[in-house]
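Report on the structure
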Amino acid sequence: KDNDMWQVEITNMRALDVHAHLGKDVVFGHVITEENLLDGYKDTIVQGAIVQPSLPRFSLKANKEIHDRIFEFSKCDKMKIWGMASIYPHFTQEEYREEAIRCVKELGFVGLKLTPIGHACDPESEDGMYAFSVAAELGVPMMVHTGSGIPFSSPMHILKAAKEYPELKIVVAHAGMGVMAREAVILAQICENVYLEPTWTGVADMGMIYKELGAGKIMFSSDHVNNVTVQYETIKTVVPEKEMEQVLYKTAESVYKITL
């Protein structure tokens, strides 16, 4: 009976995963294939995903190769896939900007990603701020990893860019990852252009995030495809049913200007 009820719920709900990875990650040591993603999403509520690179070798060639791979994956007919570029911010400014333009203008990617712990980059640094300026120029959101990787991964290291580029939508990945969830909430309260993606956030912090910010500032994500069900259950525990659609896909649709 419980399984039947779960299947009915899955059928009636849908979600857009704004944080998925593809490829071999040389920093965190994992490999995620196209088959891993499609198999992992099967029989879940996820009907679309924004896919970004797992962290490749720090070369422009490797960056371009994984972006091209994501572009090819976006053509699959099993679910909706969009790309997000993750470019090493310590390339030259010309290299960074050219690859960002290629990804957004030619490949149709819908956002950029900065990973302070993986890119060895303080968001407030010259290279970090340049990345935000390019995202603002292209009119696409910047997602920033937060949580692990102190001090650069502190949510408050995003404040400078959020203030300097108020028209730029910024997505705080992991919402501080628990230990800095309160900091992430304060950042989102200070800056209207900041949104939270709460992967790896526990129920207590998830409740605090929803209470302080509401559903319109929160979006669904997994980070790793085997986290979909856990993330869904965490959100479902604290978000009223009438606002679940907002969190599961409507906030993401608004921020990334896409349609599930």
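Structural data are supplied above this passage.
What comes next concerns the included structure. These figures come from a predicted structure and were not determined experimentally.

If you tally the helices and strands in the chain, you get eleven helices and nine strands. Computed over C-alpha atoms, the radius of gyration of the chain comes to 17 Å, within 12% of the 18 Å expected from 2.2 N^0.38 for 260 residues, which places it in the range of a compact globule. Structurally, the chain occupies a C-alpha span of about 60 × 40 × 30 Å along its principal axes. Counting all 260 residues of the chain, 57% fall into the buried class. Across the chain, the fraction of contacts at a sequence separation of at least 24, relative to all contacts at a separation of at least 6, is 76%. Of the roughly 11,100 Å² that the chain leaves accessible, carbon and sulfur atoms contribute 50%. Computing the positive centroid from 25 side-chain charges and the negative centroid from 36, the chain places the two 3 Å apart.

Moving on, we come to the nonpolar core. Phe132, Met142, Leu196 and Tyr256 are the most contacted members of the largest nonpolar core, which has 90 residues in total. If you tally residues by element for this core, the top one is helix 6 (residues 126–138), at eight residues.

With respect to the element layout, tyrosine 249 can be found in helix 11 (residues 244–256). Spatially, the C-alpha atoms of tyrosine 249 and glycine 108 are 20 Å apart, while their sequence positions differ by 141 residues. If near-sequence neighbours (up to four positions away) are discounted, tyrosine 249 is found in contact with Arg14, Ala15, Leu16 and Leu260. Only 3.3 Å separates the side chain of tyrosine 249 from the side chain of arginine 14, close enough to count as a polar contact.

To continue, consider the sheet that holds strand 9 (residues 194–197). The sheet built from five strands is open, its strands ordered 5-6-7-8-9 with parallel pairing. Unpaired on one side and paired on the other, strand 5 (85–86) and strand 9 mark the two borders of the sheet. Strand direction decides the pairing type here: strand 6 (residues 112–114) and strand 7 (residues 142–145), joined by three bridges, are parallel. Paired with leucine 112 across the two strands is methionine 142, which belongs to strand 7.

Here the focus is the side chain of histidine 145. Its place among the elements puts histidine 145 in strand 7. According to the relative accessible area criterion, histidine 145 is buried, its value standing at 5%. At a separation of 2.9 Å, a polar atom in the side chain of histidine 145 contacts the main-chain carbonyl oxygen of serine 148. Among the polar contacts listed, one links the side chain of histidine 145 to the side chain of histidine 174, at a separation of 3.3 Å. Excluding anything up to four places from it in sequence, histidine 145 contacts Lys113, Leu114, Thr115, Pro116, Ile117, Ser153, Ala173, His174 and Met177.

Moving on to the packing of aromatic side chains. What the rule picks out here adds up to three aromatic pairs. Between tyrosine 88 and phenylalanine 91 the ring centres are 5.3 Å apart and the planes differ by 75°, which places this aromatic pair in the edge-to-face class. Here phenylalanine 91 falls in the buried class, since its relative accessible area comes to 11%. Geometry around tyrosine 195 places lysine 217 over its ring, the cationic atom sitting 5.3 Å from the centre.

Two elements in contact, helix 9 (residues 203–213) and helix 10 (residues 228–238), have axes separated by 9 Å at closest approach and are oriented at 55°. With respect to their mutual orientation, helix 9 and helix 10 come out oblique. Pair helix 9 / helix 10 crosses with right-handed handedness. Here Val203, Met206, Gly207 and Tyr210 of helix 9 come into contact with helix 10, specifically with Thr234, Ile235, Thr237 and Val238. Class assignment for the residues of the contact of helix 9 with helix 10 results in five nonpolar, three polar and no charged.

Our focus in this paragraph is helix 10. For helix 10, every residue scored as buried is listed here: Val228, Gln231, Tyr232, Thr234 and Ile235. Summarising the axial view, the buried residues of helix 10 lie within an arc of 160°, below the 170-degree limit, and thus occupy one face.

Strand 3 (residues 46–53) sits mainly inside the fold: seven of its eight residues count as buried. In this sheet, strand 4 (residues 80–83) lies alongside strand 3 in parallel orientation, the contact comprising four bridges. Bridge pairing in strand 4 places isoleucine 50 opposite tryptophan 82. With respect to chirality, the unit in which strand 3 leads through helix 3 (residues 60–73) into the neighbouring parallel strand 4 is right-handed.

What counts, and where the lines are drawn
For every chain, the first residue of the written sequence is number 1, and numbering continues from 1 along that sequence. Restriction of local features to residues with pLDDT of at least 70 applies here, the model being predicted, together with a cutoff of 80 or more for giving and counting side-chain atom pairs; totals for whole chains, interfaces and linings are based on all residues. Think of the side-chain values as coming from all heavy atoms in the structure, minus any hydrogens and water. The helix and strand labels rest on DSSP assignments: H or I over at least four residues marks a helix, E over at least two residues marks a strand, and numbering proceeds from the N terminus. For the radius of gyration, the atom set is restricted to C-alpha positions; the globular benchmark scales as 2.2 Å times the number of residues to the power 0.38. Relative accessibility thresholds used throughout: buried, under 20% of the residue-type maximum; exposed, over 50%; partly exposed, between the two (1.4 Å probe, protein chains only). Any two residues whose heavy atoms approach within 4.5 Å are treated as being in contact. Only the protein chains shown count as cover for residues, with accessible areas throughout obtained via the Shrake-Rupley method and a probe of 1.4 Å. Charge counting follows a simple rule: Lys and Arg are positive, Asp and Glu are negative, and His as well as the terminal groups are ignored. Here the site of a charge means NZ on Lys, CZ on Arg, CG on Asp, or CD on Glu. The set of buried Ala, Val, Leu, Ile, Met, Phe, Trp, Tyr and Cys residues whose side-chain atoms join them within 4.5 Å is what this entry labels a nonpolar core. Under the rule applied, a polar contact is a pair of N or O atoms within 3.5 Å (in protein, one hydrogen donor and one hydrogen acceptor; residues adjacent in sequence only if both atoms are side-chain atoms). The rule for pairing is simple: two strands pair if DSSP sees at least two bridges between them. Working definition: a ring pair exists when centres of Phe, Tyr or Trp rings (six-membered ring for Trp) sit within 6.5 Å. Plane angles under 30 degrees give stacked, over 60 give edge-to-face, the rest tilted. Counting as a charge over the ring demands two things of the Lys NZ or Arg CZ atom: a distance within 6 Å of the ring centre and an angle within 35 degrees of the ring normal. Here, axes are lines fitted to C-alpha atoms. For helices the fit covers the stretch in contact, and angles between N-to-C directions go from 0 to 180 degrees. Orientation labels follow simple angle bins: below 35 degrees gives roughly parallel, above 145 gives roughly antiparallel, 65 to 115 gives roughly perpendicular, and whatever is left gives oblique. Note on convention: near helix rotated counterclockwise from far helix by under a right angle means a left-handed crossing. Clockwise means right-handed. In this classification, the charged set is Asp, Glu, Lys and Arg, the nonpolar set is Ala, Val, Leu, Ile, Met, Phe, Trp, Tyr, Cys and Pro, and all remaining amino acids, among them Gly, are polar. Arc definition: directions from the helix axis to the C-beta atoms. Viewed with both strands pointing away, a crossover whose connecting path from the first strand over the helix to the second turns clockwise is right-handed.

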